[in-house]
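Take a look at the letters that make up each chain.
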Amino acid sequence: MKIICIGRNYVAHIKELNNAIPTAPVFFLKPDTSLLIRNRPFYYPSFSSEIHYEAELVLKICKVGKNIQKKFAHTYYEEIGIGLDMTARDLQDAAKEKSLPWAVAKGFDQSAPMGRFLPKSQFYDVKDIFFHLDLNGKTVQQGNSGSMIYDFDDIIVHISTFMTLRTGDYIFTGTPAGVGPVKIGDLLEAYIGQEKLLSCTIK
Ligand code: MG
């Protein structure tokens, strides 16, 4: 299983981090050891002093595919969920400065808390999925799949040009504006619509 994450997919988030709008989807990987499931706590790692949350819609890939055509892309996922792309922003900024890879900043253990999934059939329109993240009961991020620069199908087409998608792979589809730091004792709760699918305590 692999976790593929799209970066820079919402204009307002790109602006908040002073990045350029991409001309093609930007993606990176997290290893399977980054997965954090069943609402288990996230333990603040010793190597960072600036861990940020990034709430993102997540696709679960349901069959193997390579060089997927756009018209078939929607058949490669049956479930949609929400996850957190936990980011060691201090390490990422240091890596960016030196044009080095982001692996340590994005791929450390527990860096992918993942909530429950919902069947795609439950959604009236996958281009109009509202989601939000609460930090200690206050909403800090709100997004809608309709605001993504690259939609689910574009993402699947692009990734599968380079990498075979396999059953059970996850795709994090990018975060909207409002990312920010967590501290020990915080509670993160992520929702699709009004349904809470993930909660995560920072320990
Ligand atoms: Mg992200």
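To be clear, the structure that these remarks concern was listed above.
The residue count restarts for each chain, going from 1 along the sequence in the order it is written. Only residues with pLDDT of at least 70 are given local features in this predicted model, and only at 80 or more are side-chain atom pairs given and counted; all residues enter the totals for whole chains, interfaces and linings. Hydrogens and water are ignored here; the side-chain numbers use all heavy atoms of the structure.

Trainee: Please provide a residue-by-residue account of empty space enclosed by the protein, values included.
Mentor: Think of a 1 Å grid over just the protein atoms. A cavity is a set of points where a 1.4 Å probe fits yet cannot get out, a pocket is an open set with protein on both sides within 12 Å along at least five of seven lines, and lining residues have an atom within 4 Å of a point. Grid points are joined across faces, edges and corners, and a volume is the space filled by probe spheres set on the points. For the structure on display, the rule yields one cavity of 30 Å³ or more. As a volume, the largest cavity reaches approximately 130 Å³. What lines the largest cavity is a set of 18 residues, among which Gly7, Arg8, His13, Glu54 and Lys106 lie closest to the centre. Every element with two or more residues in the lining of the largest cavity is listed here: strand S1 (3–7) and helix H3 (89–97). Secondary structure counts use DSSP, requiring at least four H or I residues in a row for a helix and at least two E residues in a row for a strand, with both numbered from the N terminus. It is H3 that contributes the most residues to the lining of the largest cavity, three residues altogether.

Trainee: Residue-level account of the sheet that holds strand S11 (residues 170–172), with values.
Mentor: Reading across the sheet, the seven strands line up as S2-S1-S11-S5-S6-S8-S3 and stay open at both edges, with mixed pairing between neighbours. Looking along the sheet, the strands with just one partner apiece sit at the ends: strand S2 (26–30) and strand S3 (35–36). For two strands to be treated as a pair, DSSP must find no fewer than two bridges joining them. Note: strand S5 (residues 55–61) against strand S6 (residues 77–84), seven bridges, orientation antiparallel. Bridging from a neighbouring strand, Val58 pairs with Gly81 of S6.

Trainee: I'd love a proper account of the coordination of the magnesium ion, names of residues and values included.
Mentor: For a metal bound by four donors in a tetrahedral arrangement, the ideal donor-metal-donor angle is 109.5 degrees, while six donors in an octahedral arrangement ideally sit at 90 or 180 degrees. Protein-derived coordination of the magnesium ion comes from Glu54 (OE), Glu56 (OE) and Asp85 (OD), at a distance range of 2.0 to 2.1 Å. For Na, K and Ca the donor cut-off is 3.2 Å; for every other metal, N, O and S atoms count as donors within 2.8 Å. Water does not enter the count, which can leave sites looking incomplete. Taken in sequence order, the residues that donate to the magnesium ion follow the motif E-x1-E-x28-D. Across the pair, Glu56 and Glu54 agree in class, each one buried. Throughout this description, buried means an accessible area under 20% of the type-specific maximum (1.4 Å probe, protein chains only), exposed means over 50%, and partly exposed covers the range between.

Trainee: Let's hear about the pairing of strand S13 (residues 187–192): which residues, and what values?
Mentor: Counting buried positions along S13 yields five of six residues, so the element is predominantly enclosed. Judged from the five bridges that link them, strand S9 (residues 130–135) and S13 form a sheet pairing that is antiparallel. Paired with Asp134 across the two strands is Glu189, which belongs to S13. Across six bridges, S13 lies against strand S14 (residues 195–201) in antiparallel orientation. Its bridge partner lying in S14, Ile192 is registered against Glu195. Following S13, the chain reverses through two residues before pairing antiparallel with S14; Gly193 in that reversal takes a positive phi of roughly 60°.

Trainee: Before we move on, can you summarise the pattern of salt bridges with the specific residues and values?
Mentor: Working definition: two side chains of opposite charge can pair if their charged atoms are close together. Put simply, a salt bridge is a Lys or Arg side-chain nitrogen that is within 4 Å of an Asp or Glu carboxyl oxygen. Per the stated rule, a full pass over the model turns up eleven salt bridges. Taking the shortest distance from any N to any O, the salt bridge between Glu54 and Lys106 comes out at 3.4 Å. With Glu54 in the loop between strand S4 (51–53) and S5 and Lys106 in helix H4 (residues 103–106), this pair connects stretches of sequence that are 52 residues apart. As far as burial versus exposure is concerned, Glu54 and Lys106 are alike and both buried. Residue Lys60 pairs with Glu79 through a salt bridge whose shortest N-O separation is 3.7 Å. Of this pair, Lys60 sits in strand S5 while Glu79 is found in strand S6, placing the two residues 19 residues apart along the sequence.

Trainee: Before we move on, could you go through the packing of aromatic side chains and cite the residues and values that matter?
Mentor: Each pair of aromatic rings taken from Phe, Tyr and Trp, with Trp reduced to its six-membered ring, is defined by centres within 6.5 Å and is described as stacked if the planes are under 30 degrees apart, edge-to-face if over 60, and tilted in the remaining cases. What the rule picks out here adds up to seven aromatic pairs. Seen in terms of ring centroids, Phe27 and Phe162 are 6.2 Å apart; in terms of plane orientation they differ by 55°. Their pairing is tilted. Of the two residues, Phe27 sits in strand S2 while Phe162 sits in helix H5 (residues 152–162), which places them 135 residues apart along the sequence. Here the aromatic cluster, defined as three or more aromatic residues joined through ring pairs, consists of Phe42, Phe47 and Phe108.

Trainee: Help me get a handle on unusual backbone geometry, residues and values and all.
Mentor: Here the phi dihedral of Asn18 falls at roughly 55°; this positive angle occurs in a residue that is not glycine. By the secondary structure assignment, Asn18 is in the loop between helix H1 (11–16) and S2. Asn18 gets classed as exposed once you look at its relative accessible area, which sits at 71%. Phi at Asn136 takes a positive value of approximately 50°, unusual for a residue other than glycine. Secondary-structure assignment places Asn136 in the loop between S9 and strand S10 (138–144). Note on Asn136: relative accessible area 44%, which makes it partly exposed.

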